[in-house]
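# Residue-level structure breakdown
This is what each chain is made of:
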Amino acid sequence: MSDAVGRGDLVLCVNAAPNHVTGRPVPLRAGETYRVLDVMEFACPCGRGDALLDVGIEFAWCQTRFRLLPKPRSEPKQRSVVAPKVKETVRSGAG
């Protein structure tokens with residue numbers, strides 16, 4: 001997954017289990033999305049991930065806690081419609 005994930009990508013937290021090294025609860029929430037600030041190419045101590053992701057909460061987290069979300073599609077731009085100008089005839093009346 002580390003080749004696919006880059007800075008600025010959105011990832012979904014799918015595993016908010018306690019920290020596998022310390023056993024302490026993690027501040028991440030399953031089902032929430034996070035923006036990746038950095039990808040560190042270090043093997044996680046758990047042996048399951050080949051990169052650690054920095055999502056701005058505490059330190060880096062094992063990439064196995066996240067799933068990469070698809071990039072949003074570009075939204076169509078709203079274009080302005082040019083309407084023909086209506087010419088008004090002005091008649092001067094004598095009388």
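Below, the structure is looked at part by part.

What counts, and at which threshold
- Residues numbered from 1 in each chain as written.
- Predicted model: local features only at pLDDT ≥ 70, side-chain atom pairs only at ≥ 80, totals over all residues.
- Heavy atoms only, no water.
- Pairing = 2+ DSSP bridges.
- Helix = DSSP H or I, 4+ residues; strand = E, 2+ residues; numbered from the N terminus.
- Axes fitted to C-alpha atoms, helices over the stretch in contact; angles between N-to-C directions.
- Core = buried A, V, L, I, M, F, W, Y, C linked by side-chain atoms within 4.5 Å.
- Buried < 20%, exposed > 50% of the residue type's maximum accessible area, 1.4 Å probe, protein only.

The next subject is the sheet that holds strand S2 (residues 33-35). With antiparallel pairing, the three strands of this open sheet are ordered in space as S2-S1-S6. Unpaired on one side and paired on the other, S2 and strand S6 (66-68) mark the two borders of the sheet. Direction aside, neighbouring strands of the sheet carry axes that sit 35 degrees apart on average. As judged from the three bridges shared by strand S1 (residues 10-13) and S2, these two strands associate in the antiparallel manner. Residue pairing for S2: Leu10 is matched across the bridge by Arg35.

Counting residues in each nonpolar core, the largest one holds 13 residues, and the members touching the most others are Val11, Leu28, Tyr34, Val39, Val55, Trp61 and Phe66. Counting five residues, the second largest nonpolar core, distinct from the first, contains Cys44, Leu52, Ala60 and Cys62.

One open sheet accounts for three strands, arranged S3-S4-S5; its pairing is antiparallel. The outermost strands of the open sheet, each flanked by one partner alone, are strand S3 (38-40) and strand S5 (61-62). Pairing analysis gives three bridges linking S3 to strand S4 (residues 52-54), with the strands arranged antiparallel. Pairing of Asp38 across the sheet is with Asp54, part of S4.

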